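Secondary and tertiary structure notes
Letter by letter, the chains look like this.
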Amino acid sequence: MIRLIYIYAMIITVLCSILYTQNSYANREYEIKAAFILKLIPFVEWPTSNIEKKGLILGIVGNNPFSQETLFDLERDKIHGKKIQVLEILDDLSLIQKCDLVFINSEPSTNTEQILSFLKDLPVLTISDGDGLAQKGIMINFILVDNKIRFEINKQSLDKSAIKASYKLLMLANKVY
């Protein structure tokens, strides 16, 4: 009986360890993506000067994959001396119009095409991390290449929205559409 309890305890320990490692990896992945977002923003130019007055509003559409610590870090940082405000958007898509950039969760329940249609021709930088989303209109899409996070850019979508990406940003992209 004691041996059986010991075996169950070992199995539970191993399972908890696996779950912790997977959760830790996911958190680390989104910490890196948040850092990428912060580093990419200075290479992007919006057509309006509202950003210069109010700072940047980053909308997170769908379930938020970022940890609370990562969100705190985003809001604490400044780009060109301006604060970043994070706005979580679950149901009310009209809130997207307040944003300067949005991270669209790539999970299947998020209707990316509807969101892109809603944002059509608006100067809102769209960012995501799903397979093939840059080809579907996402402006900056994070991808994994050799277990490293990279990004691809849809320049046509940027041009339609009047957002300009620096040539340096375009050169760093893994692929430009």
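Residues numbered from 1 in each chain as written. Predicted model: local features only at pLDDT ≥ 70, side-chain atom pairs only at ≥ 80, totals over all residues. Heavy atoms only, no water.

1. Structural notes on the confidence of the model for the chain
Chain-level pLDDT for the chain is 84 on average; 82% of the residues reach the 70-or-more range. Contacts from residues 8-25, a stretch scored under 50 in pLDDT, to residues over four places away or in other chains number 1 contact. (pLDDT = per-residue confidence, 0-100. Contact = heavy atoms within 4.5 Å.)

2. Side note on the side chain of Ser161
Relative to the helices and strands, Ser161 resides in helix α5 (residues 155-161). Setting aside anything within four residues of it in sequence, one finds Ser161 in contact with Pro47, Asp121, Leu122, Pro123 and Met139. (Helix = DSSP H or I, 4+ residues; strand = E, 2+ residues; numbered from the N terminus.)

3. A word on the nonpolar core
Among the nonpolar cores identified, the biggest contains 32 residues, and Leu101 and Leu125 are the most heavily contacted of them. Counting residues per element, this core draws most heavily on helix α1 (residues 2-40), which supplies 5 residues. Those residues in contact with Leu101 that sit more than four places away from it in its chain are Ile37, Ile41, Trp46, Leu56, Ile57, Leu58, Gly59, Val124, Leu125 and Ile127. Listed in part, the 15 residues of the second largest apolar core include Leu87, Ile96, Cys99 and Val124. (Core = buried A, V, L, I, M, F, W, Y, C linked by side-chain atoms within 4.5 Å. Buried < 20%, exposed > 50% of the residue type's maximum accessible area, 1.4 Å probe, protein only.)

4. What to know about the pattern of salt bridges
All told, the structure shown has 5 salt bridges when counted by the stated rule. Glu29 is the salt-bridge partner of Lys33, the closest N and O atoms lying 2.6 Å from each other. One end of the pair, Lys33, and the other, Glu29, are both in helix α1, 4 residues apart, so they sit about a helical turn from each other. Both residues of the pair, Lys33 and Glu29, belong to the buried class. Between Asp129 and Lys33 there is a salt bridge, with its nearest N and O atoms 2.9 Å apart. Pair noted here: Asp129 is in the loop between β6 (125-128) and β7 (140-145) and Lys33 is in helix α1, with a separation of 96 residues, a long-range link. Exposure remark for Asp129: the relative accessible area of 12% places this residue in the buried category. One network of salt bridges, in which partners are shared, links Glu29, Lys33 and Asp129. (Salt bridge = Lys/Arg side-chain N within 4 Å of Asp/Glu carboxyl O.)

5. Focus: the sheet that holds strand β4 (residues 82-89)
With mixed pairing, 8 strands are arranged side by side in an open sheet as β3-β4-β2-β5-β6-β7-β8-β10. Of all strands in the sheet, those with a lone pairing partner are β3 (78-79) and β10 (175-176), marking the two edges. Sheet topology places β6 next to β7; 2 bridges connect them, and they run parallel. Bridging from a neighbouring strand, Ile127 pairs with Ile140 of β7. Of the strands in this sheet, β2 (56-61), β3 and β4 are in contact with helix α3 (residues 68-76), which crosses β4 at around 145 degrees. (Pairing = 2+ DSSP bridges. Axes fitted to C-alpha atoms, helices over the stretch in contact; angles between N-to-C directions.)

6. Comments concerning the environment of Lys54
Position of Lys54 relative to the elements: it lies in helix α2 (residues 50-54). Relative accessible area serves as the criterion here: at 45%, Lys54 is assigned to the partly exposed category. In the structure, Lys54 is positioned 31 residues away from Gln85 in sequence and 9.6 Å away in space, judged by C-alpha atoms.

7. Details of the packing of aromatic side chains
Per the counting criterion, the structure on display carries 5 aromatic pairs. Pairing Phe66 with Phe103 gives two aromatic rings, centres 5.1 Å apart and planes at 70 degrees, and the pair type is edge-to-face. Residue Phe66 is located in the loop between β2 and α3, and its partner Phe103 is located in strand β5 (residues 101-104); the two are separated by 37 residues in the primary sequence. Neither Phe66 nor Phe103 differs from the other in exposure class; each is buried. (Phe/Tyr/Trp six-rings, centres within 6.5 Å; stacked < 30°, edge-to-face > 60°.)

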